[in-house]
Every structure is written in C-alpha cells, then in structure tokens.
Amino acid sequence: MAERTCAVCDDKLEATVIEVKIGDQTVEVCCEECADKLREATAKSA
Ligand SMILES: [Zn+2]
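These remarks concern the structure in this document. (Residues numbered from 1 in each chain as written. Predicted model: local features only at pLDDT ≥ 70, side-chain atom pairs only at ≥ 80, totals over all residues. Heavy atoms only, no water.)

## Digging into the overall build of the protein chain
This is how the line gets drawn: Helix and strand assignments follow DSSP, with helices taken as H or I runs no shorter than four residues and strands as E runs no shorter than two, numbered in order from the N terminus. Relative accessible area decides the class of each residue, using a 1.4 Å probe on protein chains only: under 20% of the type maximum gives buried, over 50% gives exposed, and in between gives partly exposed. Here the accessible surface of atoms and residues is derived via Shrake-Rupley with a 1.4 Å probe, and residues count as covered only by protein chains that are part of the display. Charged residues are defined narrowly, with Lys and Arg counted positive, Asp and Glu counted negative, and His plus the chain ends left uncounted. In this description, the location of a charge corresponds to atom NZ of lysine, CZ of arginine, CG of aspartate or CD of glutamate.
On a plain count of helices and strands, the protein chain comes out with 1 helix and 2 strands. When the helices and strands of the protein chain are read in sequence order from the N terminus, they spell out β-β-α. Seen along its three principal axes, the alpha-carbon backbone of the protein chain occupies a region of about 30 × 20 × 15 Å. Buried positions account for 22% of the 46 residues belonging to the protein chain. If you sum the accessible surface of the protein chain, you get close to 3,700 Å²; carbon and sulfur atoms cover 46% of it. Distance between charge centres in the protein chain, computed from 6 positive and 11 negative side chains, equals 2 Å.

## As for the coordination of the zinc ion
Ideal coordination angles are 109.5 degrees for a metal with four donors arranged tetrahedrally and 90 or 180 degrees for a metal with six donors arranged octahedrally. For clarity, the threshold we go by: Sites may look incomplete because water is not among the atoms; the donors themselves are N, O and S atoms within 2.8 Å of the metal, or within 3.2 Å for Na, K and Ca.
Every protein donor of the zinc ion is accounted for by C6 (SG), C9 (SG), C30 (SG) and C34 (SG), and the metal-donor separations fall at 2.2 to 2.4 Å. Along the chain, the residues donating to the zinc ion fall in the pattern C-x2-C-x20-C-x3-C. Of this pair, C9 sits in the segment before β1 (18–22) while C34 sits in helix α1 (residues 32–45), placing them 25 residues apart in sequence. Using a relative accessible area of 36% as the deciding quantity, one classes C9 as partly exposed.

Function cannot be read off these values alone, since they describe shape.
Rendered as structure tokens:
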C-alpha cells in the first residue's frame, strides 16, 4: 500500500488531490500552489 503524498511538498494527500499531467504521467499534488510549482519546474526542464 503506497501512501500517496504530494509530489511537490511531500505532504500526505487527503480529500483534495489535484492531478497534473506531465507528459504521459499523472502526478498528484495537494493544492493548486503545488500544481503551479510542478508545471513551472517541468516547463523549465523541457
Ligand atoms: Zn503540496
């Protein structure tokens, strides 16, 4: 049983989970703030 955590801040994911699609992958984060950070980070590395 993998515990689901935010890909950005590493907090545990609870009721509110936001899915961000990065290429073929779907990454789960805890809030819009983290979703934005993730999109920014991946956009730079592309
Ligand atoms: Zn987060």
